[in-house]
Amino acid sequence: MCDVPPSAEVTVRAPAKINLGLSVGPPRPDGFHPVATVYQAVALYDDVTAVLRDDDGEISVEISGDFADDVPTDETNLAVRAAQLLQAEYDVDEGVDLTIRKTIPVAGGMAGGSTDAAATLVACNRLWGLQLTQTELQHHAAELGSDVPFCLVGHTALGQGRGEQVTEVMSRGTFHWVFAIADGGLSTPDVYRELDRMRPLRRVEAPQVRPELMSALLSGQPGALAVALSNDLQAAALSLRPELGETLQFGLDQGALAAQISGSGPTCLFLAADSRSAVDLAVELAESGRCRMVRQAEGPVPGARILPAIVSR
Ligand SMILES: C[C@](O)(CO)[C@H](O)COP(=O)(O)OP(=O)(O)OC[C@H]1O[C@@H](n2ccc(N)nc2=O)[C@H](O)[C@@H]1O
Ligand SMILES: Nc1ncnc2c1ncn2[C@@H]1O[C@H](COP(=O)(O)OP(=O)(O)OP(=O)(O)O)[C@@H](O)[C@H]1O
């Protein structure tokens, strides 16, 4: 347990995630699918600011930034659910006003809601002086969603179970990613359902991480990583949004080393050879008018972290 004093205002920076490999097994009795995935946190961030309400126990949320209109501000917001969970579990009397500055696409397959929830756990832990350990935070993260525990840890990690059992993996160097953010989102349950519809279940094997992916990460070579990427949900996302196939091909034609759907989509991710090629690719994609917006980001980066307070005199 670390003995950190509570604060009246905390800002936590929370990264988006991508899946470098995503292998999906047959559905479990509880409806979830067993996965073996290699996550990477990338430098595309939401900032969650939490301000203490010590006069009542209310929890509120306001959203600003690129995707503000697409995010709910009621109790279905995953950040609100994270604060409610800690408040109920630890009998907290105080409340919190949350503000989320969003840059991560909503329903884009980049764990935007999950990372806001992870950030809120970290922020409320400090704000309410709960002094929860990383292990306790991980436990609560898993109650909120399959991707949330990874968003706490960040870097590059293996996800097992339904994705919530996270173990850090060795990765060398920095990779340069470009994201084509589509208009509209895709619902994660719909994409898993489409995958089940598309493949004969009796032939589906237990999920596995490709050994060449682990070697590529150890080598730090983008060329090796390019041929080791995989995503079982890609075919399902393309079945629901066929036009994304053209975006993937366009990126390859413009020199991307690899192109893949991010998680459950519809964001398309591209691996570039270096930062300069990433800029060139981003410009080509933006000028093509094939997507709502284009972003570039490096990975890996750490998980949800408290930003140092700016001291003003
Ligand atoms: C697509 C990924 O982002 C890849 O990392 C995740 O598997 C999805 O994780 P998530 O958005 O945190 O998903 P959750 O909030 O836990 O679950 C939402 C829904 O997605 C489906 N789901 C999710 C995870 C999983 N391993 N199997 C599933 O079938 C289920 O229908 C579930 O009800
Ligand atoms: N804080 C939040 N930010 C974004 N969406 C949220 C949030 N809280 C709840 N939602 C809801 O969750 C849905 C999924 O959004 P999210 O951005 O988390 O999807 P995603 O990135 O595809 O998720 P994942 O990659 O984990 O499957 C949205 O349509 C939105 O209604």
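As the structure is a computational prediction, the values presented were derived from the model and not from experiment. Every chain is numbered on its own, with residues counted from 1 as its sequence reads. In the order they appear in the text, chains get letters beginning with A and ligands get numbers beginning with 1. Local features in this predicted model are restricted to residues of pLDDT 70 or higher, and side-chain atom pairs are both shown and tallied only at a pLDDT of 80 or more, whereas totals for entire chains, interfaces and linings draw on every residue. With hydrogens and water set aside, each side-chain value is computed from the structure's full complement of heavy atoms.

Peer 1: Now, about the domain arrangement of the chain: what can you tell me, with residues and values included?
Peer 2: Here the bounds of each domain stem from an automatic or database domain assignment. By domain assignment, the chain separates into domain 1 (9-169 + 301-306) and domain 2 (175-299). Between domain 1 and domain 2, the C-alpha centre-to-centre distance is 22 Å. Contacts: residue pairs with any heavy atoms within 4.5 Å of one another. Taken residue by residue, the interface counts 35 residues in domain 1 and 39 residues in domain 2. Reported buried area values correspond to the accessible surface (1.4 Å probe) lost by two parts on association, with both partners' losses combined. Counting each side, the surface lost to burial between domain 1 and domain 2 is near 2,700 Å², with a carbon and sulfur contribution of 64%. Its largest share of buried area at the contact with domain 2, domain 1 owes to Leu20, Leu22 and Val24, together 21% of the area lost on that side. Salt bridges are identified by distance alone: a Lys or Arg side-chain nitrogen within 4 Å of an Asp or Glu carboxyl oxygen. Our enumeration of links across domain 1 and domain 2 arrives at two salt bridges. A salt bridge links Arg292 to Asp70; the nearest nitrogen and oxygen atoms lie 3.6 Å apart. Any pair of nitrogen or oxygen atoms within 3.5 Å is treated as a polar contact; in protein, a donor-acceptor pairing is required on top of that, and neighbouring residues in sequence qualify only through side-chain atoms on both sides. For the pair domain 1 and domain 2, the number of links is 16 residue pairs in polar contact (both at pLDDT 80 or more). Only DSSP runs of H or I covering at least 4 residues are called helices, and only runs of E covering at least 2 are called strands; the numbering of each starts at the N terminus. When contributions to the side of domain 1 that touches domain 2 are tallied by element, the ones reaching two or more residues are strand 1 (9-24), strand 2 (35-53) and strand 5 (156-160).

Peer 1: Quick one: what's the story with the sheet that holds strand 9 (residues 258-261), residue by residue and with numbers?
Peer 2: A pair of strands is considered paired only if DSSP assigns at least 2 bridges between the two. The strand order across the open sheet formed by four strands is 9-10-7-11, and the pairing between neighbours is antiparallel. Each end of this open sheet is capped by a strand with a single partner; those strands are strand 9 and strand 11 (293-299). Neighbour-to-neighbour, the strand axes of this sheet turn through a mean angle of 25 degrees, independent of strand direction. When strand 7 (residues 175-181) meets strand 10 (residues 268-272), the two strands line up antiparallel, connected through five bridges. If you follow Ala180 over to strand 10, its bridge partner there is Cys268. Across the face of the sheet, helix 10 (residues 275-288) comes into contact with strand 7, strand 10 and strand 11 while running at roughly 165 degrees to strand 11. Inter-axis angles, ranging from 0 to 180 degrees, are taken between N-to-C directions of lines fitted to C-alpha atoms, where helices are fitted over the stretch in contact.

Peer 1: Describe the pattern of salt bridges, with residues and values.
Peer 2: Per the stated rule, a full pass over the model turns up 15 salt bridges. Here Asp30 and Arg28 are joined by a salt bridge, their closest N and O atoms 2.8 Å apart. The class of Arg28 is partly exposed, set by a relative accessible area of 27%. Across the pair Arg295 and Asp66 runs a salt bridge whose closest N-O atoms are separated by 3.3 Å. In this pair, Arg295 sits in strand 11 while Asp66 sits in the loop between strand 3 (59-65) and helix 1 (78-89), placing the two residues 229 residues apart along the sequence. If you follow the salt bridges from partner to partner, you end up with Arg13, Asp47 and Arg101 in one network. Each residue is assigned to one of three classes by its accessible area relative to the maximum for its type, calculated with a 1.4 Å probe on protein chains only: buried under 20%, partly exposed between the two thresholds, exposed over 50%.

Peer 1: Hey, could you go over the UniProt feature "binding site: ATP" (unreviewed entry) in the chain for me, with residue numbers and the actual values?
Peer 2: UniProt positions are given in the numbering used here, feature names are shortened, and annotations may be inferred rather than shown by experiment. The feature "binding site: ATP" (unreviewed entry), as annotated in UniProt, sits at Pro105, Val106, Ala107, Gly108, Gly109, Met110, Ala111, Gly112, Gly113, Ser114 and Thr115 in this numbering. Among the residues examined, Ala107 registers a relative accessible area of 41% and is labelled partly exposed. Apart from residues lying up to four places away in sequence, Ala107 is in contact with Gly185, Leu186, Gly265 and Pro266. We classify Thr115 as buried; its relative accessible area is 0%. Setting aside anything within four residues of it in sequence, one finds Thr115 in contact with Ala14, Pro15, Asp46, Ile104 and Cys151.

Peer 1: How would you explain the site of ligand 1 if you had to name every residue and give the values?
Peer 2: Any residue with at least one heavy atom within 4 Å of a molecule or strand is counted as near it. Around ligand 1 there are 17 residues in total, and His33, Ser146, Asp147, Arg162 and Tyr192 lie nearest to it. At 2.6 Å from an oxygen atom of ligand 1 is found a side-chain nitrogen or oxygen belonging to Asp147. Residue burial considers only the protein chains on display, and all accessible areas are found by Shrake-Rupley using a 1.4 Å probe. Here ligand 1 has 630 Å² of accessible area as a free molecule, and 81% of this is covered by the chains. Of all the secondary-structure elements, those providing two or more residues to the shell around ligand 1 are strand 1, strand 2 and helix 5 (188-198). Note on residue classes: Ala, Val, Leu, Ile, Met, Phe, Trp, Tyr, Cys and Pro are nonpolar, Asp, Glu, Lys and Arg are charged, and everything else, Gly too, is polar. Its residues assigned to classes, the shell around ligand 1 comprises seven nonpolar, seven polar and three charged. Viewed by domain, the shell around ligand 1 spans two of them, domain 1 (9-169 + 301-306) and domain 2 (175-299), each represented by three or more residues.

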